[in-house]
Amino acid sequence: MNLLSVEHDLDRARIERIVELARSFEEVAHRPIKKVPALRGRTVLNLFYESSTRTRSSFELAAKRLSADVVNFSASGSSVEKGESLKDTVLTLSAHKPDAVVVRTPWAGSSELVAQWSGVAVVNAGDGKHEHPTQALLDIYTLHKKLGSLEGLNIWIVGDVLHSRVARSNILAFQLMGAKVTVAGPPTLIPRNIEALGCEVRYDLDGLKEADVVYALRMQNERIEQPYLPSLREYAKQFQVNGRRLSPRQVLMHPGPVNRGVELSGEVVDSPQAVIATQVESGIVVRMAVLYEILEGAGSPRGAAQRERQLLA
Amino acid sequence: MNPPMIHREGPQADLLITRAHVLDPRTGLDAPHDVLIRGGEIAEIGEPGGLTAPEGAEQVDGTGKHLLPAFVDPHVHLRTPGQEHKEDLDTGTRAAAAGGYCAVVAMPNTSPVVDSAPILRSLRDAAAREARIPVGFMPCITQGMQGEHLTEMAELRELGALGFTDDGKPVRSAQVLRLALQYQKMVGGVLALHEEDPALSGSGAMHEGTVSALLGIAGIPSISESTMVARDALIAEYEEGHIHIQHVSAKETVQAIADAKARGVRITGEASPHHLTLTHDGVKSLDTRLKMNPPLRTEEDRQAIIAALRDGTLDCIATDHAPHARDEKEVPFEQAPMGTTGLETAFASVYTDLVLPGTLALPLVVERMSSGAAILGLDTPKIETGRRADVTLLDLSAEWTVGEDGYESRSENCCFAGRAFKGRVLMTVAAGSVAYRQRAFAVVEA
């Protein structure tokens, strides 16, 4: 079993199963010895073609807390720099017989190719600007924790939607869970036809008050050079989520790392409404759940849950 | 000027094709006939069963089959020189003959690019040794295909250049295009244009629309093509030159060409089989065989191209046959090179998807499959006594699956791979000699 995209691999039932499983792993993080033997003897390969400290270490910790062996393979300083193709790299690494591959690349659809070529379970940790399904899962998990459910929630995703795989996965996943999604940002950073994904589009934050959840995206400096925006100052003026725009009942999310003073003002980052640290925490248990599900839980979720209760006992 | 078309001349055919349905809209033939080819020329067209094979002639039973004027493709990539791992003059012309073609025109974006007389001369020499059917060459408009300085067009024309193109790249500078059109008054030769504004295309890898929004892949907007076509039509109008718009993909481009034609501009255009039959919906699969430039666009664009081919706004069908090696295409979509092969599937794809459902009439398609010839100043194949034999025999009811028996091309990046098509080429006679015969297709008597 794979987790390559929200679009093809997730439905509400599977998301709820993963959230449930993640909840059962929650208590492991609070043990003095943060480990269960669920994936003992299994090998998880992290194949990263983009620099990523957070996502990679989150997957690494998740695998290790399940007692799997982890090998990290990053594109820099490797055969990739010597011109090896993705396919040859995958075939070579497959010879190490991993049980699961976690892959991030700058190219859409690459995790599917890795799944085809490796023949083992694959988790997409970000493919280009396409999808980042575990981010969507951990965001749903965080909202479950904070608000109980996503049913009927009004969620605004604000910022650079054009270059964001987080936005694409979340637009799809939040709607699967019953939320209504609005994307807002400057027209130069909102992809043409994005409403085909079911979301609404706004070019200002005038209606932000109607949101239950405000999800700010990271604004990258490169966008100024390219030049999608006249300046970060102008962006912040129009779209920064700050104390003036955020109301106390709203939940604030961000995939990290935050540019303080750009997409978020410092005061909202530090406010109790922000659940950014919870998102990071959720990342580990959700990724534990995903790895466990794809390696042990295939076929019978009930059987898996039983096995897992035994393992946790 | 040297003859523009060259190939390795084969034995001139002595061949009697009996009882085939002969269809040539230009000569008005549309009924079963016997066609006798002697010494590579169409010697006689007679009543079905009325002709007898002379001594030593092959006889082919054409009952239930169609004999058409062979096709001419003004736009193919044969990858020689420098990229022979993708295709060469032998494999490329073999693929063409297998698709029913009697002549193809090769683009110059090779390695090195064809921008000087010595390179063109050596290519022509190679074609005289290797090409199974006549090949013509279009050298670059600009030196090094860099878009800055014109090539030595006069010398290249003398040597046999059919026209000029920087295909694969646009002529970005309006002034350079204007100079080329001024030079055209002296040397002749159409300018074939790959229309795209590099700034608008950016790093785009597919059509900008609903599918690119879903995939998060940078899009190539339709305006990248249409704005350049509108600009270049105005320049051609001003200079009274002839431009030919390659591989039209967007409805706005169709409109720009129609407007220019209405003003009397000498502008022609081509439609590719893939833009006539496929849309960006297929790209959801991220199959790299569906990555080409210009990209597959929407159903509305496809319908506009079909209508334009029907009403003559677009003049001909051209494949833009663009072979790439397997390992070059076995990469993530955004990394893959642009292009699909097309010579072996062109007729069958258009016949299956557009003629059989009644969208386009068969005679119109037959005409458009060779009308690129006249645009380039070449003889148009006709089934007529006294003419050199350029004919192709097809079984329109034969169903086949693309790729199941491999390809004649060296490459297999065909956007139609796996599709079941009707209409199979059984035999092609090009420049009077048999250039292709389907393996299973038997000669009655030899």
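Just so you know, the residues in each chain are numbered from 1, in the order the chain's sequence is written. The lettering of chains begins at A and the numbering of ligands begins at 1, in the order of writing. For a predicted model such as this one, the threshold for reporting local features is a pLDDT of at least 70, and the threshold for listing and counting side-chain atom pairs is 80 or more; totals across whole chains, interfaces and linings nevertheless cover every residue.

Draft legend 1. Spotlight on the overall build of chain B. Only DSSP runs of H or I covering at least 4 residues are called helices, and only runs of E covering at least 2 are called strands; the numbering of each starts at the N terminus. Looking only at helices and strands, one finds 14 helices and 18 strands in chain B. Values of the radius of gyration come from C-alpha atoms, whereas the globule rule sets the reference at 2.2 Å times the count of residues to the power 0.38. In summary, chain B has a C-alpha radius of gyration of 21 Å against a globular reference of 22 Å for 446 residues, a match within 12%. Along the first, second and third principal axes, the C-alpha set of chain B runs to 65 × 50 × 45 Å. A buried classification covers 60% of the 446 residues belonging to chain B. Comment: burial labels come from other C-beta atoms within 10 Å of the residue's own C-beta, placed from the backbone, where a count of 20 or more is buried, 12 or fewer is exposed, and between is partly exposed.

Draft legend 2. Molecular detail of the overall build of chain A. The secondary structure content of chain A amounts to twelve helices and nine strands. For 313 residues, the compact-globule formula gives about 20 Å, and the C-alpha radius of gyration of chain A, at 19 Å, lands near that figure. On the principal axes, the C-alpha backbone points of chain A span a range of 55 × 45 × 35 Å. Contacts are defined on C-beta atoms placed from the backbone: any two residues whose C-beta positions lie within 7 Å are in contact. Nonlocal contacts in chain A, meaning residues at least 24 apart in sequence, comprise 72% of its contacts between residues at least 6 apart.

Draft legend 3. Fine view of the domain arrangement of chain B. All names here are of chain B. Domain delimitation in this document rests on an assignment produced automatically or drawn from a domain database. When its domains are assigned, chain B resolves into domain 1 (15-67 + 386-437) and domain 2 (70-375). Here the C-alpha centre of domain 2 lies 27 Å away from the C-alpha centre of domain 1. Between domain 1 and domain 2, the residue contacts involve 30 residues of the former and 42 residues of the latter. Among the elements of the structure, strand S16 (391-401), strand S17 (420-430) and strand S18 (433-437) are those that each provide at least two residues to the side of domain 1 that touches domain 2. Broken down by class, the residue content of the side of domain 1 that touches domain 2 amounts to 17 nonpolar, six polar and seven charged. Residues are sorted three ways: Asp, Glu, Lys and Arg are charged, Ala, Val, Leu, Ile, Met, Phe, Trp, Tyr, Cys and Pro are nonpolar, and all the rest, Gly among them, are polar.

Draft legend 4. How the structure looks around the packing of helix H6 (residues 133-147) of chain A against helix H7 (residues 165-176) of chain A. Residue and element names in this part refer to chain A. Lines are fitted to the C-alpha atoms to define the axes, a helix being fitted only along its stretch in contact, and any angle between axes, read from their N-to-C directions, falls within 0 to 180 degrees. For the pair H6 and H7, interaxial distance at closest approach is 8 Å and the crossing angle is 55°. Relative to H7, the element H6 is oriented oblique. Crossing handedness for the pair H6 and H7: right-handed. Where H6 abuts H7, its residues Pro133, Gln135, Ala136, Asp139 and Ile140 lie against Val166, Ser169, Asn170 and Ala173. Among the residues forming the contact of H6 with H7, the class breakdown is five nonpolar, three polar and one charged. Under this scheme an angle from 65 to 115 degrees is roughly perpendicular, one under 35 degrees roughly parallel, and one over 145 degrees roughly antiparallel; angles in between are oblique. Take the far helix as the reference: if the near one is turned anticlockwise from it by less than a right angle, the crossing is left-handed, and if turned clockwise, right-handed.

Draft legend 5. Summary view of the sheet that holds strand S5 (residues 154-158) of chain A. Residue and element names in this part refer to chain A. Pairing between strands is defined by DSSP: at least two bridges between the two strands are required. Strands sit in the order S7-S6-S5-S8-S9 across an open sheet of five strands; the sheet is parallel. Each having just a single partner strand, strand S7 (200-202) and strand S9 (251-253) make up the two edges of the open sheet. Between one strand axis and the next, the sheet turns through 20° on average, direction left out of account. Pairing between S5 and strand S8 (residues 213-216): four bridges, direction parallel. Its bridge partner being in S8, Ile155 is matched across the sheet by Val213.

Draft legend 6. Geometry of the sheet that holds strand S6 (residues 71-76) of chain B. Residue and element names in this part refer to chain B. Read across the sheet, three strands follow the order S6-S7-S8 without closing on themselves; strand pairing throughout is parallel. Each end of this open sheet is capped by a strand with a single partner; those strands are S6 and strand S8 (135-137). Strand-to-strand twist of the sheet, defined as the mean angle between neighbouring strand axes without regard to direction, takes the value 20°. Relative to strand S7 (residues 101-106), S6 runs parallel, the two sharing four bridges. By the bridge assignment, Val76 is partnered in S7 with Ala106. Where helix H1 (residues 89-98) meets the sheet, it contacts S6, S7 and S8, and its direction lies at approximately 135° from that of S7.

Draft legend 7. Looking closely at the domain arrangement of chain A. Residue and element names in this part refer to chain A. Assigned domains within chain A: domain 1 (6-132 + 283-312) and domain 2 (134-278). Averaged C-alpha coordinates put domain 1 and domain 2 at centres separated by 26 Å. Contact with domain 1, which involves 22 residues of that partner, is made by 19 residues of domain 2. With five residues, the single largest contributor to the side of domain 1 that touches domain 2 is helix H2 (residues 12-25). The residue makeup of the side of domain 1 that touches domain 2, split by class, is ten nonpolar, five polar and seven charged.

Draft legend 8. Fine view of the nonpolar core. As used here, a nonpolar core is made of buried Ala, Val, Leu, Ile, Met, Phe, Trp, Tyr and Cys residues. They are joined through C-beta atoms within 7 Å. Judged by nonpolar contacts, the single largest core of 235 residues is most densely connected at Ile157 and Leu291 of chain A together with Tyr101 and Ile133 of chain B. Top contributing element to this core by residue count: helix H11 (residues 276-296) of chain A, with ten residues.

Draft legend 9. Molecular detail of the pairing of S6 of chain B. Counting buried residues along S6 of chain B, six of its six residues qualify, which places the element largely inside the surrounding structure. Crossover handedness for the path S6 of chain B to H1 of chain B to S7 of chain B: right-handed. A clockwise path from the first strand over the helix to the second, with the strands pointing away from the viewer, defines a right-handed crossover.

Draft legend 10. Layout of the interface of chain A and chain B. On the side of chain B, 16 residues touch chain A, which itself brings 20 residues to the contact. Contributing elements (two or more residues each) for the side of chain A that touches chain B: helix H4 (86-94), helix H5 (110-118) and H7 of chain A. Class assignment of the residues belonging to the side of chain A that touches chain B gives a composition of eight nonpolar, seven polar and five charged.

Draft legend 11. Highlighting unusual backbone geometry. Residue and element names in this part refer to chain B. Note that the residue after Ser111, namely Pro112, is joined by a cis bond; omega there is 5°. Within the secondary structure, Pro112 sits in the loop between S7 and helix H2 (117-130). The omega angle of the peptide bond from Asn293 to Pro294 is 0°, so this bond is cis rather than trans. Mapped onto the fold, Pro294 is located in the loop between helix H9 (273-277) and helix H10 (299-311). With phi around 30°, His247 is a residue other than glycine that occupies positive phi space. Relative to the helices and strands, His247 resides in the loop between strand S13 (242-245) and helix H8 (251-262).

Draft legend 12. Helix H3 (residues 54-65) of chain A, seen in detail. Multiply 1.5 Å by the residue count of a helix minus one, and that product is the helix's expected span. With twelve residues, H3 of chain A extends 16 Å from end C-alpha to end C-alpha; this agrees with the ideal 16 Å at 1.5 Å per step. In the segment just after H3 of chain A, Ser67 of chain A is the residue with positive phi, at about 70°.

Draft legend 13. Fine view of the confidence of the model for chain A. Confidence per residue, as judged by the predictor, is encoded in pLDDT with a range of 0 to 100. Scored by pLDDT, chain A has a mean of 92; 94% of the residues are at 70 or more. Note that pLDDT drops below 50 for residues 299-304 of chain A; the model gives that stretch three contacts with residues more than four away or on any other chain.

Draft legend 14. Region of the structure containing the environment of Thr91 of chain B. Residue and element names in this part refer to chain B. On the secondary structure map, Thr91 appears in helix H1. Take Thr91: there are 22 C-beta atoms within 10 Å of it, and that puts it in the buried class. The spatial distance from the C-alpha of Thr91 to the C-alpha of Asp115 is 23 Å, given a sequence separation of 24 residues. Contact partners of Thr91, with chain neighbours within four places excluded, come to Glu408, Ser409 and Arg410.

Draft legend 15. Examining the pairing of strand S1 (residues 15-24) of chain B more closely. Residues and elements named next belong to chain B. Among the ten residues of S1, eight are classified as buried, and the element is accordingly described as predominantly covered. Relative to strand S2 (residues 29-38), S1 is paired through eight bridges, and the arrangement is antiparallel. Within S2, the position partnered with Leu15 by the bridge is Ile37. Of the strand pairs in this sheet, S1 and strand S4 (residues 58-61) are connected by four bridges, and their pairing is parallel. What sits directly across from Leu16, in S4, is Gln59.

Draft legend 16. Structural view of the environment of Pro273 of chain B. All names here are of chain B. Inspection of the secondary structure assignment puts Pro273 in helix H9. A count of 27 C-beta atoms within 10 Å places Pro273 in the buried class. Through-space distance from the C-alpha of Pro273 to that of Ser212 is 22 Å; in sequence the pair is 61 residues apart. The residues contacting Pro273, other than those within four sequence positions of it, are Ile317, Thr319, Gly342, Thr345, Ala346, Ser349 and Val350.

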